[in-house]
Amino acid sequence: MYINAIGHYIPSNRISNEYFKELNGLDADWIVQRTGIESRSRCSEDENVDTMAYEAVENALPRLPYSIKDVDLIVAAHYCAFDTVGTVAHRVQRKFGIEGAKAVYASSACSSFVNGLEIVEGYFAMGKAKRALLICSEHNSYYSNDHDPKAGHLWGDAAVAYFLSADKESDDDIEVLSVYTEGVGHIGAGPDGVLLRPKEGGISMPNGRDVFMYAVKYMQYALEKNLEDANLKKEDISYFITHQANMRIVKQLARMMDMPMERFLNNIQELGNTGSASAPLVLAQHQDELKKGDMVSLMVFGGGYSCAAFTIRK
């Protein structure tokens, strides 16, 4: 499986840490110390998951080696929904006139993108699709509560769009070496670790300590499984990207893996936690800096719980 083009969209609005002092009593320095976040991206009033998805797709098109009309599978994989009937997949299909394509929506909290990648892999393996568009658009601020002292200051908004093919399309393609996902809802707080209930307070994180502990453990676990499937070792990997939930999680993973922080790419400082878009977004932002032959492993953990990882080679 190959990545043919990557696009992304980040709203221009930034919310600084100082904004939260009067709302939930948290000092700006405390937020940085506890999360690593200095600001977060936020949609304007006329933006939503659909509009961000459109922009991310548009951003990818100049790199695409074939017509978007040739896409025969559209997968929207994210947890923030503007409309759960007319999904992002169907809106994008209509917006870009992609006739004849399958269109599906999948969610597994912050591991949604990687689960979507595995869905695409499955369609390819069955011979039911050859070219796919995977979209992840997270409008966290649509649901988050800025007054919530536990999690209100964490969230950012962003979207990514990945075009994929079963066969190599050009010399610029990025090869997906291995994809691994696993649901771990039976551990810890599981489905009660992170909640998104639109009529009951939006996004909340009643068990933050539990989430932190298992995120560190199971992102490393998913990475090990993924590298084993690809017959690789962590020393073979040029860069690592984790779900951008908390910089302390990244640092803890680096220590546990005995890897320098320089090998970990991040964007949480500026953008906050952009949900399941966060890890693929980091890759999108750094794609032009990668050299031919570089390998990057991405590992994620989602509330629910779930873990996942995938490895690519430039």
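Residues numbered from 1 in each chain as written. Predicted model: local features only at pLDDT ≥ 70, side-chain atom pairs only at ≥ 80, totals over all residues. Heavy atoms only, no water.

Undergrad: Any details on the sheet that holds strand E12 (residues 295-302)? Residues and values, ideally.
TA: In space, the nine strands of this open sheet follow the order E5-E4-E6-E7-E1-E8-E13-E12-E11, with mixed pairing throughout. A single partner strand is all that each edge strand has here, and the edge strands are strand E5 (102-106) and strand E11 (239-242). Recorded for the sheet is a direction-independent mean angle of 20 degrees between the axes of neighbouring strands. In terms of strand pairing, strand E6 (residues 131-139) meets strand E7 (residues 157-165) through nine bridges, oriented antiparallel. By the bridge assignment for E7, Leu 134 is matched with Tyr 162. Most of the contacts of helix H3 (residues 49-60) go to strand E1 (residues 2-9), to which it runs at about 130 degrees, and overall it touches E1, E6 and E7. (Pairing = 2+ DSSP bridges. Helix = DSSP H or I, 4+ residues; strand = E, 2+ residues; numbered from the N terminus. Axes fitted to C-alpha atoms, helices over the stretch in contact; angles between N-to-C directions. Contact = heavy atoms within 4.5 Å.)

Undergrad: Lay out the side chain of Asp 148 with the relevant residues and their values.
TA: Here Asp 148 shows up in the loop between E6 and E7. Buried and unpaired, Asp 148 has Lys 150 as its nearest opposite-charge partner, separated by 6.9 Å. A distance of 3.0 Å separates a polar atom in the side chain of Asp 148 from the backbone nitrogen of Lys 150. Residue contacts for Asp 148: discarding those within four places in its chain leaves Asn 24, His 153, Ile 203 and Ser 204. (Buried < 20%, exposed > 50% of the residue type's maximum accessible area, 1.4 Å probe, protein only. Lys, Arg positive; Asp, Glu negative; His and termini not counted. Salt bridge = Lys/Arg side-chain N within 4 Å of Asp/Glu carboxyl O. Polar contact = N/O pair within 3.5 Å; in protein donor to acceptor, adjacent residues only side chain to side chain.)

Undergrad: Outline the nonpolar core, supporting the account with residue identities and numerical values.
TA: Val 92, Leu 133, Phe 163, Met 299 and Phe 301 are the most contacted members of the largest nonpolar core, which totals 71 residues. Sort the elements by how many residues they give to this core and helix H6 (residues 208-229) lands first, with nine residues. In terms of nonpolar packing, the next biggest core, distinct from the first, is built from 40 residues, Ala 158, Leu 271, Leu 281 and Leu 298 among them. (Core = buried A, V, L, I, M, F, W, Y, C linked by side-chain atoms within 4.5 Å.)

Undergrad: Tell me about the pairing of strand E4 (residues 73-77), and please be specific about residues and values.
TA: When you tally the buried positions in E4, you get five out of five residues, the bulk of the element. Taking every second residue as pointing to the same face, both faces of E4 are buried, with Leu 73, Val 75 and Ala 77 on one and Ile 74 and Ala 76 on the other. When E4 meets E5, the two strands line up parallel, connected through five bridges. Within E5, the residue paired with Ile 74 across the bridge is Ala 103. Examined bridge by bridge, E4 and E6 share four bridges and lie parallel to one another.

Undergrad: Requested: an account of unusual backbone geometry, with residues and values cited.
TA: Cis geometry marks the peptide bond from Gly 304 to Tyr 305; its omega dihedral reads -5 degrees. In this fold, Tyr 305 is placed in the loop between E12 and strand E13 (306-313). Here Ala 109, not a glycine, exhibits a phi torsion of approximately 50 degrees, which is positive. Relative to the assigned elements, Ala 109 resides in the loop between E5 and helix H5 (112-126). Unlike most non-glycine residues, Asn 231 shows phi in positive territory, near 60 degrees.

Undergrad: Kindly report on the environment of Val 85, identifying the contributing residues and their values.
TA: Its place among the elements puts Val 85 in the loop between E4 and helix H4 (88-96). Judged by relative accessible area, which is 70%, Val 85 ranks as exposed. Sequence-wise, Val 85 and Arg 197 are 112 residues apart; in three dimensions their C-alpha atoms are separated by 17 Å.

Undergrad: Which residues make up the pattern of salt bridges, and what values do they have?
TA: For the structure shown, the criterion picks out 11 salt bridges. Across the salt bridge formed by Asp 146 and Arg 42, the nearest N and O atoms sit 3.0 Å from each other. Pair noted here: Asp 146 is in the loop between E6 and E7 and Arg 42 is in strand E3 (residues 39-42), with a separation of 104 residues, a long-range link. Grouping residues by exposure puts Asp 146 and Arg 42 together as buried.

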